[in-house]
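Take a look at the letters that make up each chain.
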Amino acid sequence: MTAPLTGFSRLAPPRSWLRAHPTAFDAGLAAAVLVCMVVASFADPHGPHGPTFGTRTPELRSLLLMAAAAGALVFRRSRPMSVLAVTGAVSVAELVAGDPPAPVAMSAVIALYTVASRTDRPTAWRVGLLTMTVLTGSAMLFGSAPWYSQENLGIFAWTGMAAAAGDAVRSRRAFVDAIRERAERAERTRDEEARRRVAEERLRIARDLHDVVAHHIALVNVQAGVAAHVMDKRPDQAKEALSHVREASRSALNELRVTVGLLRQSGDPEAPTEPAPGLAVLDPLLDGFRRAGLPVELARTDQDTELPAAVDLAAYRIVQEALTNVRKHAGAAAKAEVSVVRVGRTVEVTVLDDGCPAGPVRPGPDGAGADGTPAGGHGLIGMRERATALGGTLTAGPRYGGGFRVQAILPVEARAEGDEDV
């Protein structure tokens, strides 16, 4: 059962049709103005007992002028200034020749309103003052009634109100258009911001997955190689290597579960609640590399520093990825040094190694080999992206005399998302 239509609901279809056919609306308005002018021309404002109707008849000249003025209103939207000039001239002609004049000035009032509603404010008021002065001056100078008569004051008042009303409508239309444009711009900005956040989140998850998989798979590969090498001659050492493989695999699976769990919907069960890794668990990370055969020394002066979660995670991942690269590229006899130092409002994370300069090709600062050949990895690129996203910097390159150096300078206060350098 349909609900009964309200008054506004019944008016909606006709209003929509009139908006779609403005010329038809203007033609109807012109006809209505013509009827009002003709009817008003039969009234005598100076009757013996006040205004009377039917005591006078308009002349043929007045009827023709009223028809011409009303006909011009059909084109008021396309040529507002021309229509105002025509209706103003016709009104002046009737004010000069008519005695008493017919209300032809009514058409000029409509034309003035149209001009004021479709031009800027200075133009509206200049044209309004000119129209008001010409029509009122013509009525006062050439009319038979005294200059202070109510008919003359009425022309003055109606032209002034037409200019003011048109300017008010123009201001309201501009205000509504500005609100609509602002809302559309906000909608576009919201969509762009949502897409940007999705892209950033996908990149962040990709970096985490790369760091987790690259680190643990590298350790598993090394320990599995050790186990295969000593399986026959030293089974105890092989058993220990396999134990390290199992531990690294379990750790990789746990970190993958946490990272991939971020992709779950908010209502999915078993959402991860473990905290993200940080510098607080740096020692277990280094122990894992030591068990894999990479000697690592640690120097820290940041024990009393509380880092934001994003900075803490980035520092941990940078150390993890840098040591993974050392293990993969620096050679079996390489040693590494890790330092975490608080310097002013930043924390510096440095990873050094003494890999042989004649060893395998090392990845350069841009992810390519130190000799310019592509290395095919994304480790250094991901580390630099992590540092840059927080407002920090990361440098990487060969050391003089051999080895490699990775240094990240991260702000103690992470930069808020969306902040830009001015």
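Just above sits the structure.
In this text the structure is predicted, and so the values were computed from the model without any measurement. (Residues numbered from 1 in each chain as written. Predicted model: local features only at pLDDT ≥ 70, side-chain atom pairs only at ≥ 80, totals over all residues. Heavy atoms only, no water.)

Colleague: Help me out: how do you make sense of the pattern of salt bridges in this one?
Modeller: Note that side chains of opposite charge can pair when their charged atoms are close. As enumerated under the stated definition, the model contains six salt bridges in all. Close ionic contact of R61 with E94 constitutes a salt bridge, the shortest N to O distance being 3.8 Å. You can see R61 sitting in helix 3 (residues 60–72) and its partner E94 sitting in helix 4 (residues 80–97), a full 33 residues away along the chain. In this structure R61 comes out as partly exposed when scored by relative accessible area, which is 31%. (Salt bridge = Lys/Arg side-chain N within 4 Å of Asp/Glu carboxyl O. Helix = DSSP H or I, 4+ residues; strand = E, 2+ residues; numbered from the N terminus. Buried < 20%, exposed > 50% of the residue type's maximum accessible area, 1.4 Å probe, protein only.)

Colleague: Would you take a moment to explain the side chain of R170 for this structure?
Modeller: Note on placement: R170 falls in helix 7 (residues 150–230). Separated by 3.3 Å, the side chain of R170 and the backbone oxygen of T119 make a polar contact. Among the polar contacts listed, one links the side chain of R170 to the side chain of D167, at a separation of 2.9 Å. Ignoring anything within four residues of it in the chain, the contact list for R170 reads A116, S117, T119, D120 and R121. (Polar contact = N/O pair within 3.5 Å; in protein donor to acceptor, adjacent residues only side chain to side chain. Contact = heavy atoms within 4.5 Å.)

Colleague: Could you clarify how one ought to interpret helix 5 (residues 105–118) in this entry?
Modeller: Because each turn of an α-helix spans 3.6 residues, side chains separated by three or four positions in sequence point in the same direction. Between the first and last C-alpha of helix 5 there are 20 Å, a value that for 14 residues agrees with the 20 Å anticipated at 1.5 Å per step. Of all 14 residues in helix 5, 10 are buried, a share of seventy percent or more. (Expected span 1.5 Å × (residues − 1).)

Colleague: Can you walk me through the packing of helix 5 against helix 6 (residues 121–142) in this structure?
Modeller: When two helices pack together, their arrangement is given by the angle between the helix axes and the distance between those axes. In the contact formed by helix 5 and helix 6, the axes pass within 9 Å of each other and the chain directions differ by 165°. With respect to helix 6, the axis of helix 5 lies roughly antiparallel. The interaxial crossing formed by helix 5 with helix 6 has right-handed handedness. Between helix 5 and helix 6, the residues in contact are A108, L112, V115 and A116 and A124, V127, G128, T131 and L135, respectively. The residue inventory of the contact of helix 5 with helix 6, partitioned by class, reads seven nonpolar, two polar and no charged. (Axes fitted to C-alpha atoms, helices over the stretch in contact; angles between N-to-C directions. Parallel < 35°, antiparallel > 145°, perpendicular 65-115°, else oblique. Left-handed = near helix turned anticlockwise from the far one by under 90°. Nonpolar A, V, L, I, M, F, W, Y, C, P; charged D, E, K, R; others polar.)

Colleague: Is there a simple way to explain the sheet that holds strand 3 (residues 296–300) in this structure?
Modeller: Backbone-to-backbone hydrogen bonds join strands into a sheet, with any given pair of strands oriented parallel or antiparallel. Here five strands make up an open sheet; going across it, the order is 3-4-5-7-6 and the pairing mixed. Both edges of this open sheet fall to strand 3 and strand 6 (393–398), since each of them pairs with a single strand only. Going from strand to strand, the sheet's axes swing by 10° on average, the running direction of each strand aside. Note: strand 4 (residues 336–343) against strand 5 (residues 346–353), eight bridges, orientation antiparallel. The partner of V340 across the bridge, within strand 5, is V349. Strands in contact with helix 9 (residues 282–291) are strand 3 and strand 4; relative to strand 3, the strand with the most contacts, it is inclined by about 160°. Lying on the sheet, helix 10 (residues 309–329) is in contact with strand 3, strand 4, strand 5, strand 6 and strand 7 (404–411); it crosses strand 5 at an angle near 10°. (Pairing = 2+ DSSP bridges.)

Colleague: When you look at the packing of helix 3 against helix 4 in this model, what are you seeing that I'm missing?
Modeller: Running from N to C, helix 3 and helix 4 cross one another at 165°; their axes reach a closest spacing of 9 Å. As summarised for this structure, helix 3 and helix 4 are arranged roughly antiparallel, according to the angle between their axes. Every pair of crossing elements has a handedness; the one defined by helix 3 and helix 4 is left-handed. Facing R61, S62, L65, A69 and A72 of helix 3, the residues of helix 4 in contact are V83, V86, T87, V90, A93, E94 and A97. Considered class by class, the residues forming the contact of helix 3 with helix 4 number eight nonpolar, two polar and two charged.

Colleague: What should I look at first to understand the side chain of T114 in this one?
Modeller: Relative to the assigned elements, T114 resides in helix 5. The contacts of T114, once residues within four sequence positions are left out, are R76 and P80.

Colleague: I would appreciate a short explanation of helix 6 in the present structure.
Modeller: Across its 22 residues, helix 6 extends 31 Å between first and last C-alpha, which sits within 8% of the 32 Å expected from 1.5 Å per residue. Among the residues of helix 6, T123, A124, V127, G128, T131, M132, L135, T136, S138 and A139 are the ones counted as buried. Considered in projection along helix 6, the buried side chains sweep an arc of 160° and stay on one side of the axis. Across from the buried face of helix 6, at angles greater than 90 degrees, the exposed residues are R126, L130, T133 and L141. (Arc of directions from axis to C-beta.)

Colleague: Would you explain the environment of V35 in this entry?
Modeller: By the secondary structure assignment, V35 is in helix 2 (residues 22–41). Look at V35 and you get exposed, because its relative accessible area is 51%. C-alpha of V35 to C-alpha of A70: the two residues are 35 residues apart in sequence and 9.3 Å apart in space.

Colleague: Teacher, can you tell me more about the nonpolar core here?
Modeller: A general tendency of soluble globular proteins is for nonpolar side chains to be buried together. If you look at the biggest cluster of nonpolar residues, it comprises 36 residues, and the most contacted ones within it are V296, V319, L323, L394, V406 and L410. Elements represented by at least two residues in this core include exactly helix 9, helix 10, strand 4, strand 5, helix 11 (379–389), strand 6 and strand 7. Here this core gets nine residues from one element, more than from any other, and that element is helix 10. (Core = buried A, V, L, I, M, F, W, Y, C linked by side-chain atoms within 4.5 Å.)

Colleague: Is there a simple way to think about the pairing of strand 4 in this case?
Modeller: In the case of a regular strand, side chains alternate between the two sheet surfaces. Across five bridges, strand 3 lies against strand 4 in parallel orientation. Across the sheet, R300 pairs through a bridge with V340, a residue of strand 4. Between strand 4 and the antiparallel strand that follows it, strand 5, lie two residues; G344 among them carries a positive phi value of about 60°.

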